Amino acid sequence: MQAEQEAFLEELYRNYLTKLTIYASSALEDRSRAQDLVQDVFHEAIIHIDTLMAHENPGAWLMQTAKNKIHEYHRAYTRYIQTFISLDSFTCAGIGSAEDSIMKIDESMNASPIKRIEQILSPEEFSLLKRLIFEKASHLEVAKELGITVWTSQKRLERIRKKLLEIFPEHKNKNNFKK
């Protein structure tokens, strides 16, 4: 990156970091995820620095990029939840007790999808999956908890997705396990 580009990006960062973080926090209702998302916005800015420098309103470009990333996050999260809800038949509330549901699932499939996932993934992988997907922890939070980098957390989730596609190949074309 050239010095001129670096100075331009630093100025944008100083001027828009707080605004973008507040906007993303409001939309996501999670400050850590919002901070991750804003960092992704600035990563996109670095990748597209030439376009951004030529843009008539770089602040609007950053805000639109943030909006797009928020929509991407919501779509991906909805896919994850729909996948795991569809995999886990425990959501049949009102039809007998939870124990009855478990027995029916075990009888019909030999094991519930969640149990199958637990058997395939290591305890650490399953914990990471639960933390990121069901508890909505950000990669930043998980990275701090585990003493790893955000990139490592993202890469581990990617590997978990690949394992899940191996045991649930019927979901491969549905983009349920992809970002």
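Below is a summary of the structure that appears in this document. (Residues numbered from 1 in each chain as written. Predicted model: local features only at pLDDT ≥ 70, side-chain atom pairs only at ≥ 80, totals over all residues. Heavy atoms only, no water.)

Focus: unusual backbone geometry
Negative phi is the rule for most residues except glycine; trans is the rule for most peptide bonds. Look at E29: it is not a glycine, yet its phi comes out positive at around 60 degrees. Looking at the secondary structure, you find E29 in the loop between helix 1 (3–28) and helix 2 (31–47). (Helix = DSSP H or I, 4+ residues; strand = E, 2+ residues; numbered from the N terminus.)

What about the pattern of salt bridges?
With the rule as written, the count across this model stands at eight salt bridges. A salt bridge links E11 to R14; the shortest N-O distance between them is 3.0 Å. With a gap of three residues between them, E11 and R14 both fall in helix 1, about one helical turn apart. The exposure class assigned to R14 is exposed, which follows from its relative accessible area of 55%. Across the salt bridge formed by E44 and K69, the nearest N and O atoms sit 3.8 Å from each other. Remark: K69 occurs in helix 4 (residues 58–87) and E44 occurs in helix 2; sequence separation between them is 25 residues. Under the relative-accessibility criterion, K69 is labelled buried at 15%. Salt bridges sharing partners connect three or more residues here, namely E10, E11 and R14. (Salt bridge = Lys/Arg side-chain N within 4 Å of Asp/Glu carboxyl O. Buried < 20%, exposed > 50% of the residue type's maximum accessible area, 1.4 Å probe, protein only.)

Observations regarding the packing of helix 7 (residues 123–134) against helix 8 (residues 139–146)
In the contact formed by helix 7 and helix 8, the axes pass within 10 Å of each other and the chain directions differ by 145 degrees. For the pair helix 7 and helix 8, the sense of crossing is right-handed. Listed contacts from helix 8 to L128, R131 and L132 of helix 7 are H139, V142, E145 and L146. Class assignment of the residues belonging to the contact of helix 7 with helix 8 gives a composition of four nonpolar, one polar and two charged. (Axes fitted to C-alpha atoms, helices over the stretch in contact; angles between N-to-C directions. Left-handed = near helix turned anticlockwise from the far one by under 90°. Contact = heavy atoms within 4.5 Å. Nonpolar A, V, L, I, M, F, W, Y, C, P; charged D, E, K, R; others polar.)

Bear in mind that shape data such as this cannot, by itself, settle questions of function.
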